[in-house]
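# Geometric and topological summary
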Amino acid sequence: MLHFSGLRAMLSLSLNSSSVSPPKFPPHSSFSRRSMRSWIRSPCLRRKNLGFWSWPKAVLSAERAVENGGGKAEEAEEYDAIVIGSGIGGLVAATQLAVKGARVLVLEKYVIPGGSSGFYQRDGFTFDVGSSVMFGFSEKGNLNLITQALEAVDCKLQVIPDPTTVHFHLPDNLSVRVHREYDMFISELVNHFPHEKEGIHRFYNECWKIFNSLNSLELKSLEEPIYLFGQFFKKPVECLTLAFYLPQNAGDIARKFIKDPQLLSFIDAECFIVSTVNALHTPMINASMVLCDRHFGGINYPVGGVGGIAKALANGLVNKGSKLLYKANVTNIVLKDGKAVGVRLSDGREFFAKTVISNATRWDTFGKLLKVDDIPQEEKNFQKIYLKAPSFLSIHMGVKAFVLPPDTDCHHFILEDNWDKLEMPYGSIFLSIPTVLDPSLTPEGHHIFHIFTTSSLEDWQGLSRKEYEEKKELVADEIITRLEKKLFPGLKDSIVLKEVGTPKTHRRFLARDSGTYGPMPRNVPKGLLGMPFNTTAINGLYCVGDSCFPGQGVIAVAFSGIMCAHRVAADLGLEKRAPVLDAAFLRFLGWLRTIA
Ligand SMILES: NC(=O)c1ccc[n+]([C@@H]2O[C@H](COP(=O)([O-])OP(=O)(O)OC[C@H]3O[C@@H](n4cnc5c(N)ncnc54)[C@H](O)[C@@H]3O)[C@@H](O)[C@H]2O)c1
Ligand SMILES: CC(C)=CCC/C(C)=C/C=C/C(C)=C/C=C/C(C)=C/C=C/C=C(C)/C=C/C=C(C)/C=C/C=C(\C)CCC=C(C)C
């Protein structure tokens, strides 16, 4: 049997013997902050971007989507695939399958699509439920998976480039702006750590090596051997580079080049904002993806809000002849002779399909939807390696515009005085002000503050209704006070609207076990090696979303959707497949996960 360290040594050898081409990027661009701001504010864009009530034509309103997508699905019909949940993971899997000719039915518990990438409106303010930081949404390369997913259903959304991915406010008054222009970011970092100039270049260059390899591949299912071997044949150096880094973490690689503890803590913060764990626990491939895409394609915000992505995909799905049913709460996955053949809803309706894809988390899928005496060994292994990442306390606020100093950035990460608090509940604060980019999200003279901080369900359990409401107010007030002290004097007086969500809110509205935002390694992981792909131990049942490879993040779940659709299409006979090779290869991948 091939031992893990042997495999790693073999890959290392083959990498060293074949010369890895130097990074093609970082790019040098003449992009200027001022020119972008004036472009954003150009009357031409304003005329087109007027927010929610003037979505691009292809996007349905929530109400119309319910009417059009839902209501018409017949229980007697048999579909090629049923998708449980319309998060970005589920929608990408569904639309990709629909484009390949499959008949798909998406069942969503809530009244609009998008899950944690959805939106809601109050008093003229349009809030993103979750992230406002969109990776993979550019016009360039192979990794713009959100753009590609939309294009597949003939959709294109107008976007606004963000000049600064995030502005870090860290202990010892370390303030770092991650500029869209790579050179500007690197020189700002080198200014803070001149003695680590070489280490900084070498660490980020290592990230570019991985990013460039990823960006050179056509991304499809890593569980489909004909495709994967084809990629190895066409791009051997790039594939071996990725295989080499697959079991590695960003923190170990940073430590090869960097010694300064404060700079290593900065790299921890860089990883934490996308993985909720430090760099030693963050897979190097994931870190490279986000640390480079923000400079390659850049972070781009969809005009009118993030909710437009899910709405456009939902609309595209219906236009391709598939169906989407809202207020459809799946409670059971129906098995026949051990194979997933359909689902049962809380109102008793049943739908049947050749395959079932769950966009619910793996904990929900195997803990609640699948009624079996014992969960499959593969899932036990997954739960042994990964636990549920914490949920968030989120505060959505409408504020008066006076509170924003000129040139405030859109996204901020605040860790005030102590690096040790990075991973503690409420230790750090995330803040997005999407109206810096798109003023159409609020009534004139206002901004949106979306504040979030990690929090776990346990902290909110066992309280009476009154205690729960009081605690929400108290905790939110503490967070707002911290922000007021650090960055925005007068913040409290500027608030015109405030809504506080807890892990219970996330659990209720997103149907996520404990309100979790995905898996987090229990111990130091072997990079991405332990992450399950889309197939499961149950014949006909697939998973998609953030508890599948490569994990949390909108672009990550979009990739999971693309991979899932490819594997399912192959199993449905809509893509090439080699059954004997498949069985052997899936067994090999299963074995690889056991050594993680
Ligand atoms: N702050 C951030 O950066 C941020 C915020 C939000 C989301 N995100 C990213 O989005 C990712 C999640 O995307 P995703 O696609 O995996 O999942 P998701 O949670 O966004 O979507 C799952 C959908 O499935 C639906 N659902 C669940 N169980 C169901 C059932 N039994 N019946 C019917 N519908 C059901 C939910 O209502 C939801 O709409 C997160 O990991 C996160 O990284 C990031
Ligand atoms: C299989 C075998 C054995 C071998 C093979 C080899 C190969 C070829 C491999 C390959 C691989 C691949 C392709 C991979 C891929 C990957 C990917 C794509 C990944 C991705 C990732 C992504 C991510 C992770 C992302 C994330 C993001 C996030 C989470 C975000 C978030 C955000 C936030 C939170 C915001 C912040 C805010 C403030 C600050 C305010």
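About the criteria used
- Residues numbered from 1 in each chain as written.
- Chains lettered and ligands numbered in written order.
- Predicted model: local features only at pLDDT ≥ 70, side-chain atom pairs only at ≥ 80, totals over all residues.
- Heavy atoms only, no water.
- Helix = DSSP H or I, 4+ residues; strand = E, 2+ residues; numbered from the N terminus.
- Buried < 20%, exposed > 50% of the residue type's maximum accessible area, 1.4 Å probe, protein only.
- Contact = heavy atoms within 4.5 Å.
- Areas by Shrake-Rupley, 256 points an atom, 1.4 Å probe, with all protein chains shown as cover.
- Near = heavy atom within 4 Å.
- Nonpolar A, V, L, I, M, F, W, Y, C, P; charged D, E, K, R; others polar.
- Pairing = 2+ DSSP bridges.
- Axes fitted to C-alpha atoms, helices over the stretch in contact; angles between N-to-C directions.
- Core = buried A, V, L, I, M, F, W, Y, C linked by side-chain atoms within 4.5 Å.
- UniProt positions renumbered as here; feature names shortened; annotations may be inferred.
- pLDDT = per-residue confidence, 0-100.
- Polar contact = N/O pair within 3.5 Å; in protein donor to acceptor, adjacent residues only side chain to side chain.

## Side note on the overall build of the protein chain
Looking only at helices and strands, the protein chain features 21 helices and 20 strands. With 596 residues in all, the protein chain has 60% of them scored as buried. Long-range pairs, those at least 24 residues apart, make up 74% of the contacts in the protein chain between residues at least 6 apart in sequence. With an accessible surface of roughly 23600 Å², the protein chain has 55% of that area assigned to carbon and sulfur atoms.

## Let's talk about the site of ligand 2
Close to ligand 2 lie 30 residues; Leu214, Ile273, Val274, Leu431 and Gln552 are nearest. Protein chains shield 94% of the accessible area of ligand 2, which is 1000 Å² for the free molecule. Elements with a minimum of two residues in the shell around ligand 2: helix H10 (236-245), helix H12 (261-275), helix H13 (284-298), strand S15 (411-414), strand S16 (429-432), helix H20 (554-572) and helix H21 (579-594). Top element by residues in the shell around ligand 2 is H13. It accounts for four residues. Counted by class, the shell around ligand 2 contains 24 nonpolar, six polar and no charged residues.

## Some details on helix H6 (residues 145-152)
Note: α-helices contain 3.6 residues per turn, so residues at a spacing of three or four share the same orientation. Of all the residues in H6, the buried ones are Leu145, Ile146, Thr147, Ala149 and Leu150. Buried positions along H6 lie against helix H5 (88-99), helix H14 (307-319) and H20. Two residues or fewer past H6, Asp154 is found with a positive phi of approximately 60°.

## A look at the sheet that holds strand S6 (residues 164-170)
Pairing within the open sheet is mixed, and its seven strands lie in the order S7-S6-S15-S16-S17-S14-S18. One side of each edge strand has no neighbouring strand; the edge strands of this open sheet are strand S7 (174-179) and strand S18 (495-501). Strand-to-strand twist of the sheet, defined as the mean angle between neighbouring strand axes without regard to direction, takes the value 15°. In the packing of H12 onto the sheet, contacts are made with S6, S7, S15, S16 and strand S17 (446-455), and the angle to S6 comes to roughly 130°.

## Quick notes on the nonpolar core
Residues Phe203, Tyr204, Phe413, Phe449, Ile451 and Phe488 are the most contacted members of the largest nonpolar core, which totals 154 residues. Top element by residues in this core is H20. It accounts for eleven residues. Leu107, Ala360, Ile538 and Cys543 belong to the second-largest nonpolar core, a separate cluster that totals 23 residues.

## Quick look at unusual backbone geometry
Pro550 follows Phe549 through a cis peptide bond whose omega is 0°. Here Pro550 lies in the loop between strand S20 (541-543) and H20. Unlike most non-glycine residues, Asp123 shows phi in positive territory, near 45°. Within the element layout of this structure, Asp123 appears in the loop between strand S3 (119-122) and strand S4 (125-128). One non-glycine residue with positive phi stands out, namely Ala511, at about 55°. Along the chain, Ala511 turns up in the loop between helix H19 (503-510) and strand S19 (519-521).

## Quick notes on the UniProt feature "domain: Amine oxidase" (unreviewed entry) in the protein chain
On the UniProt side, "domain: Amine oxidase" (unreviewed entry) is annotated at positions that read residues 88-568 here. Measuring from the first to the last C-alpha atom of residues 88-568 gives 17 Å, for a span that is 39% helix and 21% strand.

## A look at the confidence of the model for the protein chain
When pLDDT is averaged across the protein chain, the result is 89; 88% of the residues are at 70 or more. Here residues 1-71 is modelled with pLDDT under 50, and outside its nearest four sequence neighbours on either side it reaches 118 contacts, counting other chains as well.

## Examining the site of ligand 1
Neighbouring ligand 1 are 32 residues; Glu108, Ser116, Arg512, Asp546 and Gly553 lie closest to it. With respect to ligand 1, the side chain of Ser116 contributes an N or O atom lying 2.7 Å from an oxygen atom. Note that an oxygen atom of ligand 1 is positioned 2.7 Å from one of the side-chain N or O atoms of Arg512. Burial of ligand 1 by the protein amounts to 93% of the accessible area it has alone, namely 870 Å². Of all the secondary-structure elements, those providing two or more residues to the shell around ligand 1 are H5, H19 and H20. Among the residues forming the shell around ligand 1, the class breakdown is 14 nonpolar, 14 polar and four charged.

## So, the environment of Leu393
In this structure, Leu393 sits in strand S14 (residues 391-400). When its relative accessible area of 0% is taken as the criterion, Leu393 is described as buried. The spatial distance from the C-alpha of Leu393 to the C-alpha of Pro113 is 22 Å, given a sequence separation of 280 residues.

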